[in-house]
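Coordinate inspection notes
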Amino acid sequence: MMSVFSQERLTALNAAYARCIDNDQLEQWPDFFSERCLYLITNADNHAAGMQAGMVYADTRAMLQDRVLAMRDANVYEEQRYRHIIGAPLVLEQDGNRAVVESPFLVVRIMRDGGTEVFATGRYLDQVVQLPDATLEFAERVVVCDSTNIDTLLVIPL
Amino acid sequence: MMSVFSQERLTALNAAYARCIDNDQLEQWPDFFSERCLYLITNADNHAAGMQAGMVYADTRAMLQDRVLAMRDANVYEEQRYRHIIGAPLVLEQDGNRAVVESPFLVVRIMRDGGTEVFATGRYLDQVVQLPDATLEFAERVVVCDSTNIDTLLVIPL
Amino acid sequence: MMSVFSQERLTALNAAYARCIDNDQLEQWPDFFSERCLYLITNADNHAAGMQAGMVYADTRAMLQDRVLAMRDANVYEEQRYRHIIGAPLVLEQDGNRAVVESPFLVVRIMRDGGTEVFATGRYLDQVVQLPDATLEFAERVVVCDSTNIDTLLVIPL
């Protein structure tokens, strides 16, 4: 039997999350989060300073759903695609059905004209919870970008 | 006992595949495929449109071997190297000794003069089969590049 | 029970190693190595030619500690950060409590002004040993960079 927060399960969670975004199935993306949650995109400097402010902030799944609707209105997938490469997750703390997990990531952006560039790097700082039906979801996903200089037109989720 | 298409086994398969190409052991590369197979490099737009055409197409292992010979004639490794970083594989379907698997990838190209750039990103869409001796091989590997703008001088396998 | 050099354990070792560097906990970095060890940064051409010379060479943990002190003096983390993405480790040989392992890597460098670029790619060629208390450490980590053209100002460990 696999343990609750085995590397294998967390790796599969991250892989499904990335696939959802990169394959343009954004309507499913909010389902990776708890109904009350924290999704925050920030940078390393602000995070180190303990600031909760970020470039993107949501604390309910409904806010994430609104965000997806806005992205659809803006037709962002006409303009660009992302490709996430997520490194191995490390469990930093674990307590029953809740764990603190860190995973490094790299996101490449592919523009409509074919241009390809490293768009963002950083680490996910997550609180992952296991539900009674054994699925895993994010109670928190704090996206700590390494650079302070992320494109302010940031529209697709990281 | 590991299951037939465990994350661990598929990860090891992808790692060995990437190592074979990146370490310039191309003569072993066709051995990752079934004798009758599909190896196709295409892009996301063509793939979404259901087109089987691609930048590279082979449907037998012998064609892949021919391709390696042509690369050797062209001395492509004198000019450039690749480095594959492959994300976690996800099993999408599974039926006995056959599975449909998707894995994201990033390939960096390193030119002889030292220049280094993200060359391609995308996902592998595979049909993996297990042989009676328990080895895994690709009955299909469709390489769906994110960009429509892949270098037409594409010579090293993705 | 996990085997001594399972993919899971080696992946966790690489993840902890990368996290230590990328999160600026360099003082812990030498602890990943045996007291007598080999840490070498070289390139593919020199490595293929059997040359032991490299851009960085250390053969004791104490030398690695000195290196960290020098980095602190130079305030390198004021200027730049790294983000390692490490691919799946492959065990090439294994004998009791010692294994030869290869892992591909990609390192992105993030400059203070926000500029982000692929800094280095290559593979780690490791001798990993298991200690009596079951922890793993590097008796050797040879960092074989793909490019001959790595920045000579190389200061943060790869």
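Residues numbered from 1 in each chain as written. Chains lettered and ligands numbered in written order. Predicted model: local features only at pLDDT ≥ 70, side-chain atom pairs only at ≥ 80, totals over all residues. Heavy atoms only, no water.

1. Brief notes about the pattern of salt bridges
Close approach of charged atoms allows side chains of opposite charge to pair. According to the stated counting rule, one finds 33 salt bridges over all chains in the structure shown. Across the salt bridge formed by E27 of chain B and R72 of chain B, the nearest N and O atoms sit 2.8 Å from each other. Of this pair, E27 of chain B sits in the loop between α1 (7-22) and β1 (33-43) while R72 of chain B sits in helix α3 (residues 61-73), placing them 45 residues apart in sequence. When its relative accessible area of 41% is taken as the criterion, E27 of chain B is described as partly exposed. In this structure R72 of chain B comes out as partly exposed when scored by relative accessible area, which is 28%. Within the structure, one salt-bridge network assembled from shared partners comprises D22, R81 and R83 of chain A together with D146 of chain B. (Salt bridge = Lys/Arg side-chain N within 4 Å of Asp/Glu carboxyl O. Helix = DSSP H or I, 4+ residues; strand = E, 2+ residues; numbered from the N terminus. Buried < 20%, exposed > 50% of the residue type's maximum accessible area, 1.4 Å probe, protein only.)

2. So, the relation of the copies chain B and chain A
Each of the two copies of the chain can be brought onto the other by a rotation about an axis and a shift along it. The transformation that overlays chain B on chain A combines an axial shift of 0.0 Å with a rotation of 120°, and the residual RMSD is 0.0 Å. When the rotation and shift are considered jointly, the pair of chain copies conforms to a three-fold rotation axis. Mapped onto chain A, only 16% of the interface residues of chain B again fall at the interface, so the copies present different surfaces. (Least-squares fit on C-alpha atoms with pLDDT ≥ 70 in both. Contact = heavy atoms within 4.5 Å.)

3. Considering the interface of chain B and chain A
Of the residues lining the interface, 19 residues belong to chain B; the matching set on chain A comes to 19 residues. Carbon and sulfur atoms supply 59% of the area buried between chain B and chain A, which totals about 1600 Å² over both sides. Area buried by chain B at its contact with chain A is led by Q7, L90 and D146 of chain B, which between them contribute 31% of it. For the pair chain B and chain A, the interface holds four salt bridges. Across the salt bridge formed by D45 of chain B and R112 of chain A, the nearest N and O atoms sit 2.8 Å from each other. (Buried area = accessible area lost by both parts, 1.4 Å probe.)

4. Quick notes on the packing of aromatic side chains
Scanning the entire structure with this criterion turns up 30 aromatic pairs over all chains. Ring centres 5.4 Å apart and planes at 80° place the aromatic pair F33 of chain C and Y39 of chain C in the edge-to-face group. Here the two residues F33 of chain C and Y39 of chain C agree in accessibility, since each one is buried. Pairwise contacts between aromatic rings join Y17, W29, F32, F33, Y39, F105, Y124 and F138 of chain A into one cluster. The cationic tip of R141 of chain B hangs over the ring face of Y124 of chain B; the distance from NZ or CZ to the ring centre is 3.6 Å. (Phe/Tyr/Trp six-rings, centres within 6.5 Å; stacked < 30°, edge-to-face > 60°. Lys NZ or Arg CZ within 6 Å of the ring centre and 35° of its normal.)

5. A few points about the interface of chain A and chain C
By a frequent convention, interface size equals the accessible area lost on bringing the separate parts together. At the junction of the two partners, chain A supplies 19 residues and chain C supplies 19 residues. For the pairing of chain A and chain C, the buried interface totals around 1600 Å² over both sides, and the portion due to carbon and sulfur atoms is 58%. Of all residues in chain A, the largest losses of buried area upon contact with chain C belong to Q7, L90 and D146 of chain A, amounting jointly to 31% of the total for that side. Connecting chain A to chain C are four salt bridges. Inspection of the chain A/chain C interface yields seven residue pairs in polar contact (both at pLDDT 80 or more). Secondary-structure elements contributing two or more residues to the side of chain A that touches chain C are α2 (44-48), β4 (90-95), β5 (98-111) and β6 (116-130) of chain A. (Polar contact = N/O pair within 3.5 Å; in protein donor to acceptor, adjacent residues only side chain to side chain.)

6. As for the environment of V68 of chain A
All names here are of chain A. Here V68 lies in helix α3 (residues 61-73). Accessibility expressed as a relative area gives 4% for V68, which makes it buried. With residues up to four places along the chain from it excluded, the contact list for V68 reads L26, E27, W29 and P30.

7. What to know about unusual backbone geometry
All names here are of chain A. Even without a glycine there, the phi angle at D24 is positive, about 60°. One can find D24 in the loop between α1 (7-22) and β1 (33-43). Its relative accessible area of 29% is what places D24 among the partly exposed residues.

8. Topic: the pairing of strand β6 (residues 116-130) of chain B
Residues and elements named next belong to chain B. Where burial is concerned, most of β6 is hidden: twelve out of the 15 residues are buried. With 13 bridges connecting them, strand β5 (residues 98-111) and β6 associate as antiparallel partners. Paired with P104 across the bridge in β6 is R123. Between the antiparallel neighbours β5 and β6 lie four residues, among them G114 with a positive phi of about 100°. In the sheet, β6 pairs with strand β7 (residues 136-145) via nine bridges, with the strands oriented antiparallel. Opposite Q127, over in β7, you have E140 as the bridge partner. Connecting β6 to the next strand, β7, in antiparallel fashion are five residues, including A134 with a positive phi near 80°. (Pairing = 2+ DSSP bridges.)

9. Things to note about helix α1 (residues 7-22) of chain C
Helix length check: α1 of chain C (16 residues) gives 22 Å between terminal C-alpha atoms against 22 Å at 1.5 Å per residue, within 8%. Positive backbone phi, at 60°, marks D24 of chain C, one or two positions downstream of α1 of chain C. (Expected span 1.5 Å × (residues − 1).)

Any functional reading would require information that these geometric values do not contain.
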